[in-house]
Amino acid sequence: MSGQRTTASDSYFPASGDPRYRVHRYEIALDYRPGPNRLAGTARLSAIVGRAQLTEFALDLAAFKVGRIQVNGRAPHYTHRGGKLRIRPAKPLSAGVAFTVEVQWSGNPKPVRSPWGGLGWEELADGALVASQPVGAPSWYPCNDRPADKASYLLSVNTPSPYAVVAGGRLLTRTTKASTTTWVYEQTAPTSSYLVGLSIGMYQTVLLGDPGLGGVPQSAHVPAHLLPKFSRDFARQPAMMRLFEELFGPYPLGEYSVVVADEDLDVPVEAQGLALFGANHVDGVRGSERLIAHELAHQWFGNSVTIADWRHIWLNEGFAKYAEWLWSERSGGRTAQELALAAHRLLAAQPQDLVLVDPGRKLMFDDRLYQRGGLALHAIRCALGDGAFFRMVRDWAGVNRHGVVTTAGFAAHVARYAAEPLDGLLASWLHEPSLPPPPAPPIPARPGNPPTSGGSSGG
């Protein structure tokens, strides 16, 4: 399953992306002026043609002014409308060959419209940030915008020197000339276009914990006035990292950064090696700690192990929700079983019209999908027992590291760890809209006479 590629359009966003080729590297150079919200960019995409010759292909790019375009160093014919840059190379591209595309663009970036509001580039009161899930990446750079097309990224951003630039990956250089500074980041891990994160603002940088030898470097970029509250709210993130490495396997990326924007955000957003929070998620009393766990867990589930198609989004959100429960259980809060029962009561009072494996575009971010996804994983844990369940989870993250997955692949994976077939359990949680009974951990048979010593508890 690891590395599998889909050659069909996405079920929920058939107009996004072009499955006839794949990109393996983006090299993007941006110049951004926060005051006028002015962006100019150049991008070089290194790509490979699929199984059929290409006489033309498409990139996703919002309504910018497009300058020079070249394919393999030659000017092609192109059109740019409706968010699609359609390119016809001077010579057709043969099946299986590598090719390069270079694009220059400029304009005032703005979010892409969607049923969930604006997506992608968001101008802040003083700076900008990017939150692209699921189809906002074309709001700021030309891309093959489909989750299954994962590439490495080199991102250079030039902006006025008072501003800090934060992106996913390793900061290679920071060079100041006159009044501007250029920040260069590289993300070597295969990354989906919607997971390329970027934030530009007035930030103080602090380190979280001491990674030690072999540990994961963790940094935070926070407005100075929020640092006292932030220090308490995020104090346990290094402990989360240690727990998730124990439960899910080694952290799949080189580093992890968090950014707190100096204004409120509806929800935090994960990006590759990066998570973006709003000022409202920092309250000094750890009121958003479950969200810190949620975004960190996405680095394994969603970012390293990526869905082939948006209809499988429960594989991202169900695991991240369950990670919240596991952190609570292991850090002295409510157990996963208690949280599962609370989620079940919540879902039982709501409409039973959501099918986890294919919720439909309208419901793909419905809270019921998150809760039911967590419940489905808890039901699998109860059926397998802790030993087999956590082996299954670690192997799922390990075998599919930096790969692309589907629900059918997950079901086949789970079956390998079960002593008895789980087809009925998986069908009831994943494929049926009605809510199954709440999952329960195995309970030892009650003896006929009271035991003389403490009995064992199931898990």
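Residues numbered from 1 in each chain as written. Predicted model: local features only at pLDDT ≥ 70, side-chain atom pairs only at ≥ 80, totals over all residues. Heavy atoms only, no water.

A. Molecular detail of the pattern of salt bridges. Inspection of the entire model under this criterion finds 18 salt bridges. As a salt-bridge pair, Lys84 and Asp60 come within 2.9 Å of each other at their nearest N and O atoms. With Lys84 in strand S6 (residues 84–88) and Asp60 in strand S3 (residues 57–60), this residue pair connects regions lying 24 residues apart in the sequence. Ionic pairing is found between Asp353 and Arg368, a salt bridge with its closest N-O pair at 2.6 Å. (Salt bridge = Lys/Arg side-chain N within 4 Å of Asp/Glu carboxyl O. Helix = DSSP H or I, 4+ residues; strand = E, 2+ residues; numbered from the N terminus.)

B. Quick look at the nonpolar core. Phe244, Phe248, Trp314 and Phe410 are the most contacted members of the largest nonpolar core, which totals 81 residues. Excluding anything up to four places from it in sequence, Phe244 contacts Gly249, Ala293, Leu296, Ala297, Trp300, Ala323 and Trp327. Of all hydrophobic cores here, the second largest spans 53 residues; its members include Tyr26, Leu61, Val101 and Tyr163. (Core = buried A, V, L, I, M, F, W, Y, C linked by side-chain atoms within 4.5 Å. Buried < 20%, exposed > 50% of the residue type's maximum accessible area, 1.4 Å probe, protein only. Contact = heavy atoms within 4.5 Å.)

C. Structural context of the packing of helix H7 (residues 386–399) against helix H8 (residues 407–415). Look at H7 against H8: their axes get within 10 Å of each other, and the N-to-C directions meet at 135°. Classified by the interaxial angle, the pair formed by H7 and H8 is oblique. As for how H7 packs across H8, the hand of that crossing is right-handed. Residues Met392, Asp395 and Trp396 of H7 form the contact with H8, whose own contacting residues are Gly409, Phe410, His413 and Val414. Residue composition of the contact of H7 with H8, grouped by class: four nonpolar, two polar and one charged. (Axes fitted to C-alpha atoms, helices over the stretch in contact; angles between N-to-C directions. Parallel < 35°, antiparallel > 145°, perpendicular 65-115°, else oblique. Left-handed = near helix turned anticlockwise from the far one by under 90°. Nonpolar A, V, L, I, M, F, W, Y, C, P; charged D, E, K, R; others polar.)

D. Local environment of helix H6 (residues 367–384). Counted at 1.5 Å a residue, the expected span for H6 with its 18 residues is 26 Å, and the 26 Å between its end C-alpha atoms agrees. Counting buried residues along H6, 16 of its 18 residues qualify, which places the element largely inside the surrounding structure. Residue Asp366 occupies the N-cap position of H6, its side-chain oxygen lying 2.8 Å from the main-chain nitrogen of Arg368. Of the residues one or two after H6, Gly385 is the one with positive phi, at around 85°. (Expected span 1.5 Å × (residues − 1). Polar contact = N/O pair within 3.5 Å; in protein donor to acceptor, adjacent residues only side chain to side chain.)

E. Spotlight on the sheet that holds strand S5 (residues 77–81). Within the open sheet, the three strands sit side by side as S3-S6-S5. Their pairing is antiparallel. Where the open sheet ends on each side, the last strands, each with one partner, are S3 and S5. Across the sheet, the mean angle from the axis of one strand to that of its neighbour is 20°, orientation sign disregarded. Here five bridges tie S5 to S6, and the two strands are oriented antiparallel to one another. (Pairing = 2+ DSSP bridges.)

F. Representation of the environment of Leu341. By the secondary structure assignment, Leu341 is in helix H5 (residues 336–348). Classification of Leu341 by relative accessible area gives partly exposed; the value is 32%. When the C-alpha positions of Leu341 and Pro438 are compared, they lie 6.5 Å apart, and in sequence the two are 97 residues distant.

G. The arrangement of unusual backbone geometry in detail. Pro134 follows Gln133 through a cis peptide bond whose omega is 0°. The residue Pro134 is located in the loop between strand S9 (127–131) and strand S10 (151–160) in this model. Positive phi values are uncommon outside glycine, yet Asn72 reaches one of about 55°. Inspection of the secondary structure assignment puts Asn72 in the loop between strand S4 (65–71) and S5. Even without being a glycine, Ala178 presents a positive backbone phi close to 55°. As for its placement among the helices and strands, Ala178 is situated in the loop between strand S12 (170–177) and strand S13 (180–191). With relative accessibility at 84%, the residue Ala178 sits in the exposed group.

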